[in-house]
Amino acid sequence: MPRGGIGLLAAQDAYWSAVGLFALLAAGCEVRLPANLQAEALQGAATDCTVILADQLRPGLVQSLILSGLPAADKAALPWLDAAAPITLFTSGSTGKAKAVRKTLGHLDREAAAIEALLRDLVPADAAVHGMVPPLHAYGLAFHIAWPLATGRRIVGTLNEIWESAFAALGSGDVLVTGPAHLRRMQCLPPLPPERRPSLALSAGGPLAEDSAIAAAAILGCPLVEILGSTEAGAIASRQPAAHRLAWQPLPGVQVAAAADGGMQLVSGHAADLAAASADRIRMVDAISQAFELIGRADNVLKIEGKRVSPPQVEQALSATGLVAEAAVFMLDEQLAAAAKLTPEGEREYTALGGFRFGRLLRHRLAVQLEPASLPRRWRFVANLPEDALGKRRLAALRALFENHMPGLPELIAIRDQDDSLELDLMVTDDLPVLAGHFPTMPVVPGVAQLDWAMALAMRHMGVAIRSAQQFQVKFSNLLRPDTLVTLQLRHRTEARRLHFEYRAGDTIFSSGSIALDPP
């Protein structure tokens, strides 16, 4: 492997990331970690790199060394490494463009020491560390690579993207490095048996609701610790919402204060700058312990599924498709939504495909350069984006585009994109307005409500035009009772201009049918 220069490390396996990291450091290279593993991000990060290391062949990297194929000498015991050795990570700033954050090996070493001071009483010395988040981000790099390496704990390299594989790999006393996007999707999982319960689960990237934290801790059978941090500052603070410790407490060696405008100010030995400000706005809870609460962010970067998402970046990417003339991207009901004015080419594609498949087409084109969390899930295609007299777009006006004026929908638990359909997991609770007066001694969901829900959710999540069931066919096979977790499958047949739906739970089908769409 050549010596010196800049080395790009593009891996999602934590073990091979550690091997590649120290191989590059031992070769005297400046280490560069890409913002993500999408082809466009890799190509941009690979510019001016003298060597590229990857754990597998990746689109966008045509001249990379595969780590598992390196000769044994490159994986031998490492020489002394300079604490000033540079490591560059990328994060999205308030402009939406990837911003380089330059750190050193010393920063990682000091951050690992702070993490150990926080967690050593919770985690056995021989625990293995598993991950469900990529190690190339600051959180994964610190907790799945630097901390276990600095403390002699074993790194389990495989990235577990689903709970089934994570549960199969866990052993008693292990550590799980995960995030809110995974932890919010545990409701239907059985509790882990004692022989597979970890000693600790970690979450970072975005706040986790207390009820989700309590449910996750009960299923995992271990404490759940949330970490607050940033690429620039590293790990800043922790809390345990499952134990009702909802205030954030700075990590050992980190000092936190609130500026006059509520902006977080911190002093940390492992931050890229010794004294740094943060985009987070806080309220101090206790001056002595420096405990604080988060009250928002000063910039316009959103947190979705634990990832930073920049609306301006998504809007620019939509315009670059050639199908969108203007777009406004914002958060709506914890999902990324986009209102878009189409180009003439986009209008032709929309007419040919219909709203649902056209939204899929846009997501497919965006996926070349953006991470999954940055792909809008809800769409509205309009003649003109709403603006006020000063030409400003107001959030209330944008949200109004998505209103369907049909309250009383069941709680949405999860959404899954299928090849030609959408599946939504819905919790039908016993307090829904549609149940009032319908068989009080044995309440059931009336058929008209099932039709209304299918239409409302198809309008909201598929962008189809269907405001009333003028023509429909429906078959009721079983009674749908409250306190049921039900899956609604929606399929849009563009050529037939019909919405097909089916309510089911496991092998039980409650109802199925189709509804004619509104005229074009």
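As the structure is a prediction and not an experimental result, all values here were calculated from the model.

Caption draft 1: Geometry of the overall build of the protein chain. Looking only at helices and strands, one finds twelve helices and 28 strands in the protein chain. The C-alpha radius of gyration of the protein chain comes to 25 Å, within 12% of the 24 Å expected for a compact globule of 520 residues. For the protein chain, the spread of C-alpha atoms along the principal axes amounts to about 75 × 55 × 50 Å. Within the protein chain, the proportion of its 520 residues that are buried is 52%. Considering only intrachain contacts with a sequence separation of at least 6, the fraction spanning at least 24 residues in the protein chain is 61%. Side-chain charges in the protein chain split into 47 positive and 52 negative, and the spacing between the mean points of these groups amounts to 3 Å.

Caption draft 2: Representation of the sheet that holds strand β21 (residues 335–342) within the structure. Within the open sheet, the three strands sit side by side as β20-β21-β22. Their pairing is mixed. Edge positions in the open sheet fall to β20 (324–332) and β22 (378–381), since each of these has one partner strand only. Averaged over all pairs of adjacent strands, the angle between strand axes in this sheet comes to 20°, irrespective of strand direction. Bridge analysis of β20 against β21 gives eight bridges, and the strand direction is antiparallel. Directly across from Met331, in β21, lies its bridge partner Leu336. Taken strand by strand, helix α10 (residues 355–366) contacts β20, β21 and β22, and its axis lies near 115° from that of β22.

Caption draft 3: Here's a closer look at the nonpolar core. Leu119, Phe143, Leu202, Ile236, Val256, Met264 and Phe292 are the most contacted members of the largest nonpolar core, which has 32 residues in total. Broken down by element, the residue count for this core peaks at four residues, all from helix α4 (residues 138–151). Judged by nonpolar contacts, the second largest core, of 30 residues, contains Leu409, Ala458, Leu480 and Phe501.

Caption draft 4: Focus on helix α1 (residues 14–26). Given a rise of 1.5 Å per residue, 13 residues ought to cover 18 Å, and the 18 Å separating the end C-alpha atoms of α1 matches this to within 8%. Most of α1 sits inside the fold, with eleven of its 13 residues counted as buried. The set of residues buried in α1 consists of Ala14, Trp16, Ser17, Ala18, Val19, Gly20, Leu21, Phe22, Ala23, Leu24 and Leu25. Put simply, Asp13 is the residue that caps the front of α1, since its side-chain oxygen is 2.9 Å from the backbone nitrogen of Tyr15. Backbone geometry just after α1 places Gly28 at a positive phi near 75°.

Caption draft 5: Molecular detail of the confidence of the model for the protein chain. Within the protein chain, residue pLDDT values average 86, and 90% of them lie at 70 or more. The lowest-confidence element of the protein chain is strand β23 (residues 411–417), averaging 74 in pLDDT; the highest-confidence one is strand β7 (residues 128–131), averaging 97.

Caption draft 6: Structural context of the packing of aromatic side chains. Counted according to the given criterion, the structure contains eight aromatic pairs. Between the aromatic rings of Trp163 and Phe167, the centroid separation amounts to 5.5 Å while the plane-to-plane angle is 55°, which identifies the pairing as tilted. Taken as a pair, Trp163 and Phe167 lie in helix α5 (residues 163–169) at a separation of four residues, close to a single helical turn. Ring centres of Phe358 and Phe381 lie 5.1 Å apart, and the angle between their planes is 75°; on these two criteria the pair is classed as edge-to-face. Of this pair, Phe358 sits in helix α10 while Phe381 sits in strand β22, and the two are 23 residues apart along the sequence.

Caption draft 7: Up close: the pairing of β22. Going residue by residue along β22, you find Arg378 and Arg380 tucked away on one face and Trp379 and Phe381 tucked away on the opposite face as well. Bridge count for β21 against β22 is four bridges, and the pairing is parallel. Residue pairing for β22: Ala337 is matched across the bridge by Arg378.

Caption draft 8: Examining the pattern of salt bridges more closely. The final tally for this structure, using the stated rule, is eleven salt bridges. Here Glu293 ties to Arg283 by a salt bridge, and the two come within 3.1 Å at their closest N and O atoms. Taken together, the residues Glu293 in strand β17 (residues 291–297) and Arg283 in strand β16 (residues 275–286) connect sequence positions ten residues apart. A salt bridge links Arg504 to Glu423; the nearest nitrogen and oxygen atoms lie 2.7 Å apart. Of this pair, Arg504 sits in strand β27 (residues 498–505) while Glu423 sits in strand β24 (residues 422–428); the two residues are 81 residues apart in sequence, bridging distant segments of the chain.

Caption draft 9: Representation of the environment of Arg102. Examined against the element boundaries, Arg102 turns out to sit in strand β6 (residues 98–104). Looking at Arg102, the relative accessible area reads 51%, which means it is exposed. Through-space distance from the C-alpha of Arg102 to that of Asp273 is 9.7 Å; in sequence the pair is 171 residues apart. Other than its neighbours up to four places away in sequence, Arg102 contacts Glu30, Pro86, Ile87, Thr88 and Ala272.

Caption draft 10: Region of the structure containing the sheet that holds β27. Read across the open sheet, the six strands follow the order β23-β24-β26-β27-β28-β25; overall the sheet is antiparallel. On the outer flanks of this sheet lie β23 and β25 (472–476), each paired with one strand and no other. Going across the sheet, the axis of each strand differs from the next one's by a mean of 15°, ignoring polarity. Both strand β26 (residues 484–493) and β27 contribute to a ladder of seven bridges, which runs antiparallel. Of the residues in β27, the one forming a bridge with Leu488 is Tyr503.

Caption draft 11: Structural context of empty space enclosed by the protein. In this structure the tally under the stated criterion is two cavities of 30 Å³ or more. Approximately 130 Å³ is the volume attributed to the largest cavity. Taken together, 13 residues line the largest cavity, and the ones lying closest to its centre are Phe356, Arg363, Arg377, Asp417 and His461. Put simply, the parts of the chain that give the lining of the largest cavity at least two residues each are α10, β23 and α12 (447–462). In terms of residues, the lining of the largest cavity owes the most to one element, α10, which gives five residues. Class assignment of the residues belonging to the lining of the largest cavity gives a composition of six nonpolar, three polar and four charged. Space inside the second largest cavity adds up to approximately 30 Å³. If you go around the second largest cavity, the residues you meet are Leu89, Lys103, Leu108, Glu111, Ala138, Leu141 and Ala142. Taken together, the elements giving at least two residues each to the lining of the second largest cavity come down to α3 (105–119) and α4. Grouping the constituent residues of the lining of the second largest cavity by class yields five nonpolar, no polar and two charged.

Parameters at a glance
Residues numbered from 1 in each chain as written. Predicted model: local features only at pLDDT ≥ 70, side-chain atom pairs only at ≥ 80, totals over all residues. Heavy atoms only, no water. Helix = DSSP H or I, 4+ residues; strand = E, 2+ residues; numbered from the N terminus. Rg over C-alpha atoms; globule rule 2.2 N^0.38 Å. Buried < 20%, exposed > 50% of the residue type's maximum accessible area, 1.4 Å probe, protein only. Contact = heavy atoms within 4.5 Å. Lys, Arg positive; Asp, Glu negative; His and termini not counted. Charge placed at Lys NZ, Arg CZ, Asp CG, Glu CD. Pairing = 2+ DSSP bridges. Axes fitted to C-alpha atoms, helices over the stretch in contact; angles between N-to-C directions. Core = buried A, V, L, I, M, F, W, Y, C linked by side-chain atoms within 4.5 Å. Expected span 1.5 Å × (residues − 1). Polar contact = N/O pair within 3.5 Å; in protein donor to acceptor, adjacent residues only side chain to side chain. pLDDT = per-residue confidence, 0-100. Phe/Tyr/Trp six-rings, centres within 6.5 Å; stacked < 30°, edge-to-face > 60°. Salt bridge = Lys/Arg side-chain N within 4 Å of Asp/Glu carboxyl O. 1 Å grid on protein atoms, 1.4 Å probe; cavity = no way out; pocket = protein on both sides within 12 Å on 5 of 7 lines; lining within 4 Å. Points joined across faces, edges and corners; volume = space filled by probe spheres on them. Nonpolar A, V, L, I, M, F, W, Y, C, P; charged D, E, K, R; others polar.

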